[in-house]
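Structural features, examined
The primary structure of each chain is shown beneath.
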Amino acid sequence: MKKRILISASLFHALTDASGIIAPTIFPLLYSQAFLITKYSQIGLLSNIGLITTIIFQFWMVRLSFRYEYRWLMLVSGLGIGLANFLIPVSSSFGLLLFIFIILRIFTSFYHPVVIAWVSKSRAGLGQELDDAMGIQSGSGNFGVLIAFLTTGYLAQHYGWRSPLYVWAAIAILITTVGVMVINKVSSREPIKPDLSAQRWLRVLRKISHLIPGFFFAGTGWSLTIFYAPSLLHNNFNIPMGRTGVYMALWIGLGTITGYLYGVWSRKFGRKRVFLTSLTGATVCLLIVGFAPGQTLSVLALILFGGFLFMSYPSLHTFVGSTVADEDQTLAFSWISNIQMIAGAIISLIAGFLSDWLGIRFPFILAGMLSLAVVIFYLPKDDRYFGARKINPPAGVGLESGI
């Protein structure tokens, strides 16, 4: 059962994350053609409203998750993603593009608040197995993005900006079919429906409040790169869309490797050390992207940034899974997903106006400064901040003795 859950979760994570970057990858092409998008602030508006939509619907998803089997929720999600990708090419105005993009963001709101929690609860109390599972599902999301970048850049350059959206509409249907079949006989029902009152939500938020800076960094790094790195490469450095897709694929590809290896590295070096390394490396890379005098160094730093950024995701997910009680995990993972979205919504909107006023590189400098602040926050913290033990392990399973 655990394997089926992890396989299905990995497939849907790949689809959800890939679907979140296909449209943003073609935004620079629309901007350069002055078609639908004529200002960077419009990209900021698309990202901001899209992410706010995701925040709203992810809270709703938590309630739905206790009423319906996850396989039916993911079926609706996958089919909706395919439909939205199919409809985006019909956009004839910025307003219509924004409307369909909102629809896409609604259907990508299903996975993160509920399925990651399902993976975590299926390995309750199993410390190293939890690390490995979080690394696999996180790395699978990254792998989906890698394939999306490669295909979107190539198809957009050779067959027009609409072609990758049509192709991924078909891929969404295929992945959804397989993902639902894998968990067809696996129930996500819980014997007791937890308290979903406002007080319970706030109590859970307080339990993970020490992780908010980390997830703010994670949301900032993802949104800034997804919505503005393609413009940095294509519009600032005049790199063709095909090669832009390759560089973005290398960014996420390195992150895929570090995500999959998280379980090994956490076992060898400790969770805290791996996490702080990811934060420090990301800070240095972001500042280099912003200040580098030439294209080569800036692009190299951007690619390396992916390796550090995506090493932080399974770290943070593991901290939540190891320190939050099982009955609170769906709420906790909903909170952290929404914290990431809030960070991305704020920074991506600001980044659009900064790019119009000060240039496309300046948002990366801002993100580097914010990342440095997060490093300073976590550096003096002791091991208890990083999920030293499970609160309520099952009977017969011992607590982890340390990080």
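Scope of this entry: the structure provided in the associated data block. (Residues numbered from 1 in each chain as written. Predicted model: local features only at pLDDT ≥ 70, side-chain atom pairs only at ≥ 80, totals over all residues. Heavy atoms only, no water.)

A closer look at the overall build of the protein chain
Along the protein chain, the regular secondary structure elements total 15 helices and zero strands. For a compact globule of 403 residues, the expected C-alpha radius of gyration is about 22 Å, and the protein chain comes in at 20 Å, within 12% of that figure. On the principal axes, the C-alpha backbone points of the protein chain span a range of 60 × 45 × 35 Å. A buried classification covers 62% of the 403 residues belonging to the protein chain. (Helix = DSSP H or I, 4+ residues; strand = E, 2+ residues; numbered from the N terminus. Rg over C-alpha atoms; globule rule 2.2 N^0.38 Å. Buried < 20%, exposed > 50% of the residue type's maximum accessible area, 1.4 Å probe, protein only.)

Thoughts on helix α13 (residues 295-323)
Over its 29 residues, α13 extends 43 Å from the first C-alpha to the last, a length consistent with the 42 Å expected when each residue adds 1.5 Å. Most of α13 is tucked away: 23 of the 29 residues are buried. (Expected span 1.5 Å × (residues − 1).)

Some points on helix α7 (residues 163-182)
For α7, spanning 20 residues, the distance from its first C-alpha to its last is 29 Å, which sits close to the expected 28 Å at 1.5 Å a residue. Taken together, the buried positions of α7 are Ser 163, Pro 164, Leu 165, Trp 168, Ala 169, Ala 172, Ile 175, Thr 176, Gly 179, Val 180 and Val 182.

Structural notes on the packing of helix α3 (residues 70-87) against helix α4 (residues 94-107)
The N-to-C vectors of α3 and α4 enclose an angle of 160°; their axes lie 8 Å apart at closest approach. Here α3 lies roughly antiparallel to α4, going by the angle between them. Handedness of the α3/α4 crossing: left-handed. Note on element contacts: α4 touches α3 through Ile 100, Ile 103, Leu 104 and Phe 107, opposite Val 76, Ser 77, Gly 80, Ile 81, Ala 84, Asn 85 and Leu 87. (Axes fitted to C-alpha atoms, helices over the stretch in contact; angles between N-to-C directions. Parallel < 35°, antiparallel > 145°, perpendicular 65-115°, else oblique. Left-handed = near helix turned anticlockwise from the far one by under 90°. Contact = heavy atoms within 4.5 Å.)

Some thoughts on the nonpolar core
Judged by nonpolar contacts, the single largest core of 121 residues is most densely connected at Phe 27, Ile 37, Phe 149, Trp 222, Trp 251 and Phe 364. At 13 residues, helix α1 (residues 2-32) tops the list of elements feeding residues into this core. Discounting residues that sit within four places of it in the chain, Trp 222 has contacts with Asp 17, Ile 21, Val 145, Trp 251, Ile 252, Leu 309, Phe 310 and Tyr 313. (Core = buried A, V, L, I, M, F, W, Y, C linked by side-chain atoms within 4.5 Å.)

A word on the packing of α1 against α7
Two quantities define a packed helix pair, namely the angle between the helix axes and the distance between the axes. Contact geometry of α1 with α7 gives a least axis separation of 9 Å together with a crossing angle of 165°. Taken together, α1 and α7 sit at an angle that is classed as roughly antiparallel. Taken as a pair, α1 and α7 cross one another with a handedness that is left-handed. Residue-level inspection shows Arg 4, Ile 7, Ser 8, Leu 11, Phe 12, Leu 15, Ala 18, Ile 22 and Ile 26 of α1 in contact with α7, the latter providing Pro 164, Leu 165, Trp 168, Ala 172, Ile 175, Thr 176, Val 178, Gly 179, Val 180, Met 181 and Val 182.

Some thoughts on the packing of aromatic side chains
A complete count under the given rule lists 18 aromatic pairs for this structure. On the numbers, 5.9 Å between centres and 45° between planes, the contact of Phe 353 with Trp 357 is tilted. Here Phe 353 and its partner Trp 357 are both found in helix α14 (residues 329-358), four residues apart, which amounts to about one turn of the helix. On the basis of relative accessible area, Trp 357 is assigned to the exposed category, the value being 65%. Among the aromatic residues, those joined into a cluster by ring pairs are Phe 149, Trp 222, Trp 251, Phe 310 and Tyr 313. The side chain of Lys 381 reaches across the aromatic face of Phe 377, ending 4.6 Å from its centre. (Phe/Tyr/Trp six-rings, centres within 6.5 Å; stacked < 30°, edge-to-face > 60°. Lys NZ or Arg CZ within 6 Å of the ring centre and 35° of its normal.)

Considering the environment of Ile 7
Along the chain, Ile 7 turns up in helix α1. Residue classification places Ile 7 among the partly exposed residues on the basis of a relative accessible area of 47%. As for Ile 7 and Val 274, which are separated by 267 residues in sequence, their C-alpha atoms are 25 Å apart.

Here we look at the environment of Leu 73
Mapped onto the elements, Leu 73 comes out in helix α3. Sequence separation of Leu 73 and Tyr 111 is 38 residues, and the distance between their C-alpha atoms is 8.7 Å.

Observations regarding unusual backbone geometry
The backbone of Ala 34 sits at a positive phi, close to 55°, despite the residue not being glycine. The topology assignment puts Ala 34 in the loop between α1 and α2 (40-65). According to the relative accessible area criterion, Ala 34 is exposed, its value standing at 52%. The residue Leu 36 is not glycine, and still its phi comes out positive at about 75°. Tracing the backbone shows Leu 36 in the loop between α1 and α2. You can call Leu 36 buried: its relative accessible area is 10%.

As for the side chain of Ser 355
Relative to the helices and strands, Ser 355 is located in helix α14. Residue Ser 355 is classed as buried on the basis of its relative accessible area, which comes to 5%. Non-local contacts of Ser 355, meaning those with residues more than four positions away in its chain, are made with Tyr 40, Tyr 228, Ile 360 and Pro 363.

Comments concerning the side chain of Thr 16
Tracing the backbone through its elements, the reader meets Thr 16 in helix α1. The class for Thr 16 is buried, based on a relative accessible area of 4%. One polar contact links the side chain of Thr 16 to the main-chain carbonyl oxygen of Phe 12, over a distance of 2.8 Å. Here Thr 16 is in contact with Ile 81, Thr 108, Tyr 111 and His 112, once residues within four sequence places are set aside. (Polar contact = N/O pair within 3.5 Å; in protein donor to acceptor, adjacent residues only side chain to side chain.)

By themselves, these are just geometric observations and shouldn't be taken as functional.
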